[in-house]
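Fold and contact review
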Amino acid sequence: MSRVVLATAFGGPEVLSVADQPVGDPGPGEVLVDVRAAGVNPIDWKTYSGAMGADPGRLPLRLGSEAAGVVAAVGEGAEGPAGPLAVGNEVIGFRVPGAYAERVVAPATAFVPKPPQLSWEEAGGLMLTGVTAVHALTAASVRTGDVVLVHGAAGGVGSMLVQLALARGARVIGTAGPDGADVVRRFGAEPVAYGDGLADRVRALAPDGVDAAVDTVGTDEAVDVSLELVADRARIATIAAFGRALSEGIALLGNGPGADPGTGVRAAARLELTRAVADGQLTVVVAGSFPLQDVASAHRQGMQGHSHGKLVLVP
Ligand SMILES: NC(=O)c1ccc[n+]([C@@H]2O[C@H](COP(=O)([O-])OP(=O)(O)OC[C@H]3O[C@@H](n4cnc5c(N)ncnc54)[C@H](OP(=O)(O)O)[C@@H]3O)[C@@H](O)[C@H]2O)c1
């Protein structure tokens, strides 16, 4: 058996509960993993909010898609992207459906080795934001010498974007609220306050122009300022402006209608991310760690949208 988080209705965090569910043995190509930490992401509360559909036939919903843990059993031929998996291996999994759990069975292809530099909490929160950031930088063709504008630079995806863009040799200007500026600066980027006058403030920092922009916020301001400052629309990518992106001709990334899921680039990014951690180019900031039964509190904090780091569940 495993304790798992369930959404038993569509709604707010009050619909979440923890229950015992049976866990099967891993089948061929699968592994059983004892979860040490599972990452919390906005998609998790969007899934049960009803905004993405409220078919009661889908209830109860298991939640979570990324986790770090220890391999407890392996099925025949269980092999991940870095090679065969064995009992005792410390791994990070993405995508792992139902990762908010004590134990999960998932395809071995979801798991890469956990770099020893990362704590369990850091490892549990690395992948979803990390692969999204790699996808966005690839879509916007970010390279050495670029000036890149990152909207929401103190956030989960934003902090990955900042670090990975700097590692590619770009100069990064990152938007943040009053409390996020220090976070952006700490990662080596130049913070700029979002809100009225954003375009002028960015121009003051980068009078020769901005080469590429990545939006993690989805506001009209983020889209409009990107369009105003970046000459080539092919070098603007958004992961959040699902309403505007298609009509503006900018890259829309993710799983929504009309978006590029980037399945291949995101899968390949997992080993790129663990290498960047091992090389000291990438860190994960943990903003909060919660036991499974406090999942609703974790979601309430995340829903405010200003956590400045990853929230994780520790079973
Ligand atoms: N399409 C995809 O593949 C994909 C993948 C991952 C995430 N997402 C989506 O991307 C979004 C961000 O995810 P996340 O995990 O990075 O969230 P997060 O950690 O909560 O970060 C949100 C960031 O947005 C900033 N922000 C809030 N209100 C703002 C405003 N009015 N103007 C400018 N910035 C504002 C916050 O900055 P301050 O705290 O500095 O105010 C914060 O840094 C979510 O909507 C998520 O669902 C999409």
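From a predicted model like this one, the values you see are computed outputs, not experimental measurements.

1. Some words on the sheet that holds strand E2 (residues 16–21)
With antiparallel pairing, 3 strands are arranged side by side in an open sheet as E2-E1-E4. The open sheet is flanked by E2 and strand E4 (61–62), the only strands paired with a single partner. Here strand E1 (residues 2–7) runs beside E4; their pairing, made up of 2 bridges, is antiparallel. Note that in E4 the partner of Leu 6 across the bridge is Arg 62.

2. Topic: helix H4 (residues 156–167)
Here H4 is 12 residues long and its end C-alpha atoms lie 17 Å apart, about the 16 Å a rise of 1.5 Å per residue gives. In terms of residue burial, H4 counts as a mostly covered element, since 9 of its 12 residues are buried. Buried positions along H4 lie against helix H3 (127–139), strand E11 (147–151), strand E12 (171–176), strand E14 (212–215) and helix H9 (263–278). Looking one or two residues beyond H4, the residue adopting positive phi is Gly 169, at roughly 90°.

3. Overview of the packing of aromatic side chains
Counted according to the given criterion, the structure contains 0 aromatic pairs. Sitting above the plane of the Trp 120 ring, Lys 114 keeps its charged end 4.9 Å from the centroid.

4. Quick notes on the site of the ligand
Residues in close proximity to the ligand total 22 residues, the closest being Lys 46, Tyr 194, Leu 253, His 306 and His 308. Measuring from an oxygen atom of the ligand, one finds a side-chain N or O atom of Lys 46 at 2.6 Å. In this structure, Gly 156 approaches the ligand through a main-chain N or O atom, which is 2.8 Å from an oxygen atom. Notes on the ligand: free accessible area 920 Å², of which the protein chains cover 82%. Contributing elements (two or more residues each) for the shell around the ligand: helix H1 (42–49), H3 and H4.

5. Some points on the domain arrangement of the protein chain
Taken as a whole, the protein chain is organised into domain 1 (2–126 + 284–314) and domain 2 (129–252). Inter-centroid distance (C-alpha atoms) of domain 1 to domain 2 is 28 Å. Listed as interface residues are 10 residues of domain 1 and, on the opposing side, 10 residues of domain 2. Carbon and sulfur atoms make up 65% of the area that domain 1 and domain 2 hide from each other, which totals about 680 Å². Applying the counting criterion to the domain 1 and domain 2 interface returns 2 residue pairs in polar contact (both at pLDDT 80 or more). Along the lines of polarity and charge, the residues of the side of domain 1 that touches domain 2 split into 4 nonpolar, 5 polar and 1 charged.

6. Some remarks on the side chain of Asp 44
If you trace the backbone, Asp 44 turns up in helix H1. Apart from residues lying up to four places away in sequence, Asp 44 is in contact with Gly 39, Leu 63, Gly 64, Tyr 100 and His 299.

7. A short note on the environment of Ala 101
Position of Ala 101 among the secondary structure elements: in the loop between strand E8 (90–94) and strand E9 (103–107). Ala 101 gets classed as buried once you look at its relative accessible area, which sits at 0%. Residues Ala 101 and Val 18 lie 83 residues apart in sequence; the distance between their C-alpha atoms is 8.9 Å. With residues near it in sequence (within four places) discarded, Ala 101 still touches Ser 2, Arg 3, Val 4, Val 35, Arg 62, Leu 292 and Pro 315.

8. Quick word on the side chain of Asp 146
Summarising the element assignment, Asp 146 is placed in the loop between H3 and E11. Here Arg 235 takes part through its side chain, which lies 2.5 Å from a polar atom of the side chain of Asp 146. If near-sequence neighbours (up to four positions away) are discounted, Asp 146 is found in contact with Ser 141, Ala 170, Arg 171, Asp 211 and Arg 235.

9. Quick word on unusual backbone geometry
In terms of backbone geometry, most residues other than glycine have negative phi values and most peptide bonds are trans. A cis amide bond links Leu 59 to the next residue, Pro 60, at an omega of -10°. Within the secondary structure, Pro 60 is located in the loop between H1 and E4. Of note, the bond from Phe 94 into Arg 95 is cis; its omega dihedral lies within 30 degrees of zero at 0°. With respect to the helices and strands, Arg 95 occurs in the loop between E8 and E9. In this structure, Ser 141 takes a positive phi of about 50° despite not being glycine. When you line up the elements, Ser 141 lands in the loop between H3 and E11. For Ser 141, a relative accessible area of 32% gives the class partly exposed. At His 308, a residue that is not glycine, the phi angle is positive and equals roughly 55°. As for its placement among the helices and strands, His 308 is situated in the loop between helix H10 (295–303) and strand E18 (310–314).

Cut-offs applied
Residues numbered from 1 in each chain as written. Predicted model: local features only at pLDDT ≥ 70, side-chain atom pairs only at ≥ 80, totals over all residues. Heavy atoms only, no water. Pairing = 2+ DSSP bridges. Helix = DSSP H or I, 4+ residues; strand = E, 2+ residues; numbered from the N terminus. Expected span 1.5 Å × (residues − 1). Buried < 20%, exposed > 50% of the residue type's maximum accessible area, 1.4 Å probe, protein only. Contact = heavy atoms within 4.5 Å. Phe/Tyr/Trp six-rings, centres within 6.5 Å; stacked < 30°, edge-to-face > 60°. Lys NZ or Arg CZ within 6 Å of the ring centre and 35° of its normal. Near = heavy atom within 4 Å. Polar contact = N/O pair within 3.5 Å; in protein donor to acceptor, adjacent residues only side chain to side chain. Areas by Shrake-Rupley, 256 points an atom, 1.4 Å probe, with all protein chains shown as cover. Domains from an automatic or database assignment. Buried area = accessible area lost by both parts, 1.4 Å probe. Nonpolar A, V, L, I, M, F, W, Y, C, P; charged D, E, K, R; others polar.

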